[in-house]
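# Structural characterization, general
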Amino acid sequence: MHNGDRSRGAIYAALLIPTVIYLILFWFIPLINIAIMSLTSGDSFILGKPVYVGLQNYVKVLESYSSTVTNTLLYPFAAAVIDLALGYPLAYFLVRGKVKFQNLLRASLIFPYFGDIYVSYGLWNMFLPGGLFDFFYSLFGISYKQILYTPYAVIAGFSIFTLPFMVLYVSSALSEVDPALEEAAYALGATPLKTFLKVVLPLSAPGAIAGFLACFGWNMGGFLIPLLLGGVEASNVITVNIVYLTLQVHNYGVAATLAVILTIITVICTYATFEITKVAG
């Protein structure tokens, strides 16, 4: 190895030192602490006198919080299905269509990065009596309580919040599909539907799957949307229970166990998203 290569390697290593220290201090050590806390009883870990109970907290979660885990998986899954159904056509329209304000539409897709408080609080006001949906309540003779504070409201909030992610992932995949392939299929006598099913869909499927996993994983960590739109019963998800167990019950052991489970599921989804995106690229 030449001296120049060694010098560059030393420079790169030195530049990475602050990042490595940052990750160790604010990522790996907190995760290790949470994992250790999940093996302790109540608030004993926080008080500095941890009482280790092994895997009892995990057994308790499986026995007493099975519905919590189910909701945490079901709501984001349903929202991701809606995102796929709505986001794919919109992404195709943005990539293949030639309309005005196309760039403005694309720019508006960044709003989830501002946080879910805008979606949750906005929908909450729209669902309340006197809100935007009050007309539909009168039209169909239903109460706002039949929609708000139900799983349907939570799923709607999740799907609206992560729809831009689906559009971005699918748009990226569709932009890699050469329009000449579609034109060739048309020239060979294929119908638009057959062209889509045989050409466009298979080539863009990795992007759609990655978008589905991204929406699913992102919504699993959602807190404000189920809290504001779900009420007492429909807000029974892991994130809300973690806050409740830590701030009110002070059962940090079970809260940490839920956090570990949520982290594992989210990491798996994120890893799968990266792998599928890499294959698509």
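Now for a look at the structure at hand. These figures come from a predicted structure and were not determined experimentally.

Conventions adopted
- Residues numbered from 1 in each chain as written.
- Predicted model: local features only at pLDDT ≥ 70, side-chain atom pairs only at ≥ 80, totals over all residues.
- Heavy atoms only, no water.
- Helix = DSSP H or I, 4+ residues; strand = E, 2+ residues; numbered from the N terminus.
- Rg over C-alpha atoms; globule rule 2.2 N^0.38 Å.
- Buried < 20%, exposed > 50% of the residue type's maximum accessible area, 1.4 Å probe, protein only.
- Contact = heavy atoms within 4.5 Å.
- 1 Å grid on protein atoms, 1.4 Å probe; cavity = no way out; pocket = protein on both sides within 12 Å on 5 of 7 lines; lining within 4 Å.
- Points joined across faces, edges and corners; volume = space filled by probe spheres on them.
- Core = buried A, V, L, I, M, F, W, Y, C linked by side-chain atoms within 4.5 Å.
- Polar contact = N/O pair within 3.5 Å; in protein donor to acceptor, adjacent residues only side chain to side chain.
- Phe/Tyr/Trp six-rings, centres within 6.5 Å; stacked < 30°, edge-to-face > 60°.
- Axes fitted to C-alpha atoms, helices over the stretch in contact; angles between N-to-C directions.
- Parallel < 35°, antiparallel > 145°, perpendicular 65-115°, else oblique.
- Left-handed = near helix turned anticlockwise from the far one by under 90°.
- Expected span 1.5 Å × (residues − 1).
- Bend = angle between axes of the 7 residues up to and from the residue.

Attention now goes to the overall build of the protein chain. Helix and strand counts for the protein chain come out as 12 helices and 0 strands. What you see in the protein chain, going N to C, is helices and strands ordered as α-α-α-α-α-α-α-α-α-α-α-α. What you see for the protein chain is a C-alpha radius of gyration of 23 Å, clearly larger than the 19 Å of a compact globule of 281 residues, by over 25%. In terms of overall dimensions, the protein chain has C-alpha extents of about 80 × 75 × 30 Å along its principal axes. A burial count over the protein chain gives 35% of its 281 residues as buried. Across the protein chain, every contact between residues at least 6 apart in sequence was considered, and the portion connecting residues at least 24 apart equals 72%.

Each pocket or cavity is described by its volume, and for the second largest pocket that value is around 190 Å³. Forming the walls of the second largest pocket are 13 residues, and the residues nearest its centre are Phe165, Tyr169, Ala214, Trp218 and Thr273. Tallying contributions element by element places helix α12 (residues 252–280) first for the lining of the second largest pocket, with 5 residues.

Moving on: the nonpolar core. Core analysis: the biggest nonpolar cluster contains 30 residues, and Val61, Val170 and Leu258 have the highest contact counts within it. When residues of this core are traced back to their parent elements, those giving at least two are α3 (66–96), α7 (151–175), α9 (192–220), α11 (238–249) and α12. For this core, the element with the highest residue contribution is α12, accounting for 8 residues. Not counting residues up to four positions away in its chain, the partners in contact with valine 61 are Ser66, Val69, Val254, Thr257, Leu258 and Ile261. The next biggest cluster of nonpolar side chains, apart from the first, holds 18 residues, and it includes Tyr137, Ala153, Phe158 and Ile225.

Here the focus is the environment of serine 204. Relative to the helices and strands, serine 204 resides in helix α9. When its relative accessible area of 0% is taken as the criterion, serine 204 is described as buried. Taking the C-alpha atoms as reference points, serine 204 and glutamate 176, 28 residues apart in sequence, are found 8.2 Å from one another. With near-sequence residues (within four places) excluded, serine 204 lies in contact with Tyr88, Ala173 and Leu174. A polar contact of 2.4 Å, which involves the side chain of serine 204, links it to the side chain of tyrosine 88.

Take the packing of aromatic side chains next. One pair of aromatic rings is described through two measures. These are the centre distance and the angle between the planes. In this structure the tally under the stated criterion is 9 aromatic pairs. Judged by centre distance (5.5 Å) and plane angle (80°), the rings of phenylalanine 77 and phenylalanine 212 are edge-to-face. Here phenylalanine 77 is found in helix α3, whereas its partner phenylalanine 212 is found in helix α9, with 135 residues between them in sequence. Taking the relative accessible area as the measure of exposure, phenylalanine 77 reaches 43% and is therefore partly exposed. An angle of 40° between the planes, with centres 4.6 Å apart, marks the rings of phenylalanine 165 and tryptophan 218 as tilted. Taken together, the residues phenylalanine 165 in helix α7 and tryptophan 218 in helix α9 connect sequence positions 53 residues apart. Exposure remark for tryptophan 218: the relative accessible area of 39% places this residue in the partly exposed category. Members of the aromatic cluster, each reached through a chain of ring pairs, are Phe127, Phe133, Phe135 and Phe136.

Let us look at the packing of helix α5 (residues 117–127) against α7. Across the interface, α5 lies against α7 with an axial gap of 10 Å and an inter-helix angle of 135°. By the angle class used here, α5 and α7 are oblique. Here α5 and α7 pass one another in a crossing that is right-handed. Between α5 and α7, the contacting residues are Val119, Leu123 and Phe127 on the first element and Ala153, Ala156, Gly157, Ile160 and Phe161 on the second.

Considering the arrangement of structural elements, one finds isoleucine 265 in helix α12. With 33 residues separating them along the chain, isoleucine 265 and valine 232 place their C-alpha atoms 24 Å apart. Ignoring any residue separated from it by four or fewer positions in sequence, one finds isoleucine 265 in contact with Leu73 and Met220.

Moving on, we come to the side chain of serine 159. Turning to its location among the elements, serine 159 is positioned in helix α7. Once residues within four sequence positions are removed from consideration, serine 159 is found in contact with Ala79, Ile82 and Asp83.

Once that is clear, we can look at unusual backbone geometry. Here the phi dihedral of tyrosine 149 falls at roughly 65°; this positive angle occurs in a residue that is not glycine. Phi is positive for histidine 250, which is not a glycine, with a value near 60°. Checked against the element boundaries, histidine 250 lands in the loop between α11 and α12. Classification of histidine 250 as partly exposed rests on a relative accessible area of 37%.

What follows concerns α9. In a regular helix each residue adds 1.5 Å, so 29 residues correspond to 42 Å; α9 covers only 37 Å between its end C-alpha atoms and thus falls short of that length. At leucine 201, α9 is deflected by roughly 50°, the largest bend along its length, and proline proline 202 occurs up to four residues later in sequence.

Moving on, we get to the side chain of threonine 150. Along the chain, threonine 150 falls in the loop between α6 (134–140) and α7. Classification of threonine 150 by relative accessible area gives buried; the value is 12%. In contact with threonine 150, not counting residues within four places along its chain, are Lys145, Leu229, Gly230 and Ala234.

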